[in-house]
Amino acid sequence: MPNLRKNLSKEVSSLIIEMIRNNKYEPGSKLPNEMELSKMFNVSRTTIREAIKSLASNNIVKIIRGKGTFVAEKPGLVNDPLGVSFIRDNNIIVSLFETRLLIEPKVAYLAAQRATAEEITKLESILTSMEVVIANKENHRDIDIEFHTNIAKATQNPIIERIIPIVIESIMEGYYETVNVPGSAHKALQYHYKIFRAIKAKDPYGAEKAMKDHLNETLKDIGILEKQKGGFKL
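Quick look at the structure, then. Predicted, not measured: the structure shown is a model, and the values here were computed from it.

Inspection of helix α2 (residues 34-41) places Leu37, Ser38 and Phe41 among the buried residues, and these make up the whole buried set. Down the axis of α2, the smallest arc covering the buried residues is 105°, so these residues share one side. Where α2 ends, the next residue or the one after it, asparagine 42, has phi of about 55°, a positive value.

Encoded structure:
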């Protein structure tokens, strides 16, 4: 019986995933309750419970106590999929920036080719907010992450949009490394504007160079670039 129930819960999980893929249930929408799903699939509520638990563990659905079960905003995209937070390496920030240098300049290149008018307006709005945050000497980490995340969205490539959050961890680490470096926040803002202007001008090579310069400048502020043997000049 336990094996049969396990197979049934897997089958129910697969059916729910298929319904999400077919847009019957869109990201953020609420799923039917446990009793309704039990009737829908003609299985026990225990089977439904196990299926939902499995889906939740894979960030396909989100269970909100007292409200119900909802389709995740980005189904299947789990936090820290590469287990970066568990890597015990003093050079983790170096590895993250090296990865960003390999990926993000080309992301900016694609964004310059493909960004819609709405996405360009969104990036400009983010930068306007960033100016205020930095002028008030507040923590600008989250809005920095938002800027880079929206550049990834502007590529119109769902794979890139899912890859970028993995390496964005370095923005969090880099913020705390550079927060006391005089002028680092204003320099970052200037580079962000250079990236933005190139994207707005539909200049992919300019956007690529601006992103590369921005990341290398951040590494200088962290005090890492000078210690490398040219390894970051990608």
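Here the narrative resumes, following the displayed structure.
Let's shift gears to the pattern of salt bridges. For the coordinates displayed, the defined rule picks out nine salt bridges. Ionic pairing is found between glutamate 146 and lysine 122, a salt bridge with its closest N-O pair at 3.5 Å. Within this pair, whereas glutamate 146 is found in helix α6 (residues 141-153), its partner lysine 122 is found in helix α5 (residues 117-135), the two being separated by 24 residues in sequence. Relative accessible area serves as the criterion here: at 30%, glutamate 146 is assigned to the partly exposed category. A network of salt bridges, in which partner residues are shared, links Glu34, Arg45 and Arg49.

Before going further, it helps to examine the nonpolar core. With 39 residues, the main nonpolar core has Leu127, Met130, Phe147, Ile151, Ile164, Ile195 and Ile199 as its most contacted residues. For this core, the secondary structure elements donating two or more residues are α4 (92-114), α5, α6, α7 (158-167), α9 (184-200) and α10 (204-222). Take this core: its biggest share by element is nine residues, from α4. Setting aside its immediate chain neighbours within four residues, isoleucine 151 contacts Val107, Ala108, Ala111, Leu123, Ile195, Ile199 and Met211. In terms of nonpolar packing, the next biggest core, distinct from the first, is built from 16 residues, Tyr25, Leu31, Leu37 and Ile48 among them.

We now examine the packing of α4 against α7. Between α4 and α7, the shortest axis-to-axis distance is 10 Å and the interhelical angle comes to 150°. Crossing angle aside, the handedness with which α4 passes α7 is left-handed. Facing Leu96, Thr99, Arg100, Ile103, Glu104, Val107 and Leu110 of α4, the residues of α7 in contact are Ile160, Ile163, Ile164, Ile166 and Val167. Residues of the contact of α4 with α7, tallied by class, amount to nine nonpolar, one polar and two charged.

Another aspect to go through is helix α3 (residues 45-57). Between the first and last C-alpha of α3 there are 18 Å, a value that for 13 residues agrees with the 18 Å anticipated at 1.5 Å per step. Along α3, the residues that are buried comprise Thr47, Ile48, Ala51, Ile52 and Leu55. What you see down the axis of α3 is that its buried residues fit within an arc of 130°, all on one side. Looking at α3, the residues exposed on the side facing more than 90 degrees away from the buried face are Lys53 and Ser57. Positive backbone phi, at 55°, marks asparagine 59, one or two positions downstream of α3.

On inspection of all chains with the given rule, the structure shows one aromatic pair. When the centroid spacing of 5.3 Å and the interplanar angle of 85° are considered together, the rings of tyrosine 109 and tyrosine 205 count as edge-to-face. Of the two residues, tyrosine 109 sits in helix α4 while tyrosine 205 sits in helix α10, which places them 96 residues apart along the sequence. When its relative accessible area of 59% is taken as the criterion, tyrosine 205 is described as exposed. Lying over the aromatic face of tyrosine 109, lysine 106 brings its terminal NZ or CZ to 5.1 Å of the ring centre.

Before going further, it helps to examine the environment of lysine 220. Structurally, lysine 220 can be placed in helix α10. Residues lysine 220 and serine 184 lie 36 residues apart in sequence; the distance between their C-alpha atoms is 9.9 Å.

Note that glutamate 119 resides in helix α5. Although glutamate 119 lies buried, it forms no salt bridge, and the closest oppositely charged side chain, lysine 202, sits 7.3 Å away as judged by the N-O distance. Those residues within four positions of glutamate 119 in sequence are excluded, and the remaining contacts are Arg114, Lys153, Ala154 and Gln156.

Rules and cut-offs
Residues numbered from 1 in each chain as written. Predicted model: local features only at pLDDT ≥ 70, side-chain atom pairs only at ≥ 80, totals over all residues. Heavy atoms only, no water. Buried < 20%, exposed > 50% of the residue type's maximum accessible area, 1.4 Å probe, protein only. Helix = DSSP H or I, 4+ residues; strand = E, 2+ residues; numbered from the N terminus. Arc of directions from axis to C-beta. Salt bridge = Lys/Arg side-chain N within 4 Å of Asp/Glu carboxyl O. Core = buried A, V, L, I, M, F, W, Y, C linked by side-chain atoms within 4.5 Å. Contact = heavy atoms within 4.5 Å. Axes fitted to C-alpha atoms, helices over the stretch in contact; angles between N-to-C directions. Left-handed = near helix turned anticlockwise from the far one by under 90°. Nonpolar A, V, L, I, M, F, W, Y, C, P; charged D, E, K, R; others polar. Expected span 1.5 Å × (residues − 1). Phe/Tyr/Trp six-rings, centres within 6.5 Å; stacked < 30°, edge-to-face > 60°. Lys NZ or Arg CZ within 6 Å of the ring centre and 35° of its normal. Lys, Arg positive; Asp, Glu negative; His and termini not counted.

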